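Observations on chain architecture
In case you want the letters, here they are:
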Amino acid sequence: MSLWRKRKSAPRDLDLKSLPRHIAIIMDGNGRWAQQRGLPRTAGHSRGAENFRTVATHCKEIGIEYLTVYAFSTENWSRPPKEVETIMGLLEKYLYEAIERMERDKVKMKFFGDVSVLPKKLRELIERTELISEKYDGCQVNICLNYGGRDDIIRGAQSYAEDFAAGNINSLTDGEFSARLYSGGLPDPELIIRSGGEKRLSNFLLWQGAYSELYFTDILWPDFGKDEINAAILWYQGRNRRFGGV
Ligand code: IPE
Ligand code: IPE
Ligand code: MG
């Protein structure tokens, strides 16, 4: 990526040489955004999906290598069926458009979570998106869909138990366990952002976020644009990361 492109969208006070390699986002606040405007919650999800495109493009332009976003949690099934249905429909629409724009965007896309239970059409789109974006490198976007941090850890433990029973492995290290998670092979996110005002993780990247810097903002997701990403990175760059040291 040319430096010119990087400079174009990054403010001057952002240090492009010490960007986080991996940013993760809990995209929260769509429903309240809509309710504040007297709109149905689903209108907020629609705006939220559009905003995701803006944010992902910006992250790619400034040189972020990995962006992991929470789109639908294992707990979100408890919402009214109509809302769930709308979210699934919006995801389908998003993926159709992503496939169309693939040649322009050149972003590798991966999905974290148990997608086997999603509607068939959506599953096929996920498969196609992963397959055709496989060839791109430079920026990888991971969409967490039917994702839960506990589910991720349980699956990792199951995979270890199977290898252990088969006699393939007899001890487990931090790195070997990480490799069994959905994010296997990726660096842990240095920065986790949550929009929408809540200060909790809601079952997001529980293992991977062990040493992440946590940035919380009241701004609702549809309003969380480029300037807000830049502000979060700037805040991150001012942190003193000790990792238990002094
Ligand atoms: C986040 O926005 C999107 C999903 C969880 C799918 P919400 O729908 O949780 O919005 P609020 O938190 O109710 O405002
Ligand atoms: C977290 O938001 C999940 C996603 C953003 C996909 P929620 O709105 O589901 O979280 P809670 O219910 O406030 O904890
Ligand atoms: Mg919410």
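The structure presented is a predicted model; accordingly, all values stated were derived computationally and were not measured.

**Things to note about the layout of surface pockets**
- Looking at the largest pocket, its volume works out to about 680 Å³.
- In this structure, the largest pocket is lined by 30 residues; those nearest its centre are Met27, Asn30, Tyr70, Ala71 and Asn76.
- Of all the secondary-structure elements, those providing two or more residues to the lining of the largest pocket are helix H2 (30-36), helix H3 (41-62), strand E2 (66-73) and helix H4 (81-105).
- Classifying every residue of the lining of the largest pocket gives 14 nonpolar, eight polar and eight charged.
- If you go around the second largest pocket, you meet 22 residues; those closest to its centre are Thr57, Lys60, Asp105, Lys106 and Val107.
- Of all elements in the fold, only H3 and H4 reach the threshold of two or more residues within the lining of the second largest pocket.
- Residues of the lining of the second largest pocket, tallied by class, amount to 10 nonpolar, three polar and nine charged.

**Some points on the nonpolar core**
- Within the largest apolar cluster, 45 residues are counted, with the highest numbers of intra-cluster contacts made by Ile25, Phe52, Leu67, Ile193 and Ile233.
- Setting aside its immediate chain neighbours within four residues, Leu67 contacts His22, Ile23, Ile25, Phe52, Ala56, Cys59, Gln140, Val141 and Asn142.
- Counting residues in hydrophobic clusters, the runner-up holds 11 residues, among them Tyr66, Tyr147, Phe204 and Leu205.

**Looking at empty space enclosed by the protein**
- Summed over all chains, the structure comprises one cavity of 30 Å³ or more.
- The space that makes up the largest cavity amounts to roughly 40 Å³.
- Forming the walls of the largest cavity are His22, Thr68, Phe112, Ser183, Leu186, Pro187, Asp188, Pro189, Leu205 and Gln208.
- In terms of residue class, the lining of the largest cavity is built from five nonpolar, four polar and one charged.

**Considerations on the side chain of Ser73**
- Topologically, Ser73 is positioned in strand E2.
- The class of Ser73 is buried, set by a relative accessible area of 6%.
- Ignoring anything within four residues of it in the chain, the contact list for Ser73 reads Asn146 and Tyr147.

**Some words on the sheet that holds strand E6 (residues 213-216)**
- Spatially, six strands are ordered E3-E4-E2-E1-E5-E6 in an open sheet, and the strand pairing comes out parallel. The open sheet has two edge strands, strand E3 (108-112) and E6, and neither has a second partner. For this sheet the average axis-to-axis angle between neighbouring strands, irrespective of direction, equals 20 degrees.

What counts and what doesn't
- Within each chain, residue numbers correspond to sequence positions counted from 1 in written order.
- Each chain takes a letter, starting from A, and each ligand takes a number, starting from 1, following the order in which they are written.
- Owing to the predicted nature of the model, reporting of local features is limited to residues with pLDDT of at least 70; listing and counting of side-chain atom pairs is limited to 80 or more, with chain, interface and lining totals taken over all residues.
- Side-chain figures throughout are based on the complete set of non-hydrogen atoms in the structure, without hydrogens or water.
- With a 1 Å grid laid over protein atoms only, a set of points is called a cavity when a 1.4 Å probe fits there but cannot get out and a pocket when it is open yet has protein on both sides within 12 Å along at least five of seven lines; lining residues have an atom within 4 Å of a point.
- Grid points are joined across faces, edges and corners, and a volume is the space filled by probe spheres set on the points.
- Going along the chain from the N terminus, every DSSP run of H or I of four or more residues is numbered as a helix, and every run of E of two or more is numbered as a strand.
- Polar here means any residue other than Ala, Val, Leu, Ile, Met, Phe, Trp, Tyr, Cys and Pro, which are nonpolar, and Asp, Glu, Lys and Arg, which are charged; Gly is therefore polar.
- We call a set of buried residues a nonpolar core when its members are Ala, Val, Leu, Ile, Met, Phe, Trp, Tyr or Cys and they connect through side-chain atoms within 4.5 Å of each other.
- Think of it in three bands: with a 1.4 Å probe and only protein chains considered, a residue is buried below 20% of the maximum accessible area for its type, exposed above 50%, and partly exposed in between.
- It only takes one pair of heavy atoms within 4.5 Å for two residues to be counted as in contact.
- Two strands pair under a simple rule: DSSP has to find at least two bridges between them.
- Angles shown run from 0 to 180 degrees and are taken between the N-to-C directions of axes, each axis being a line fitted to C-alpha atoms and, for helices, limited to the stretch in contact.

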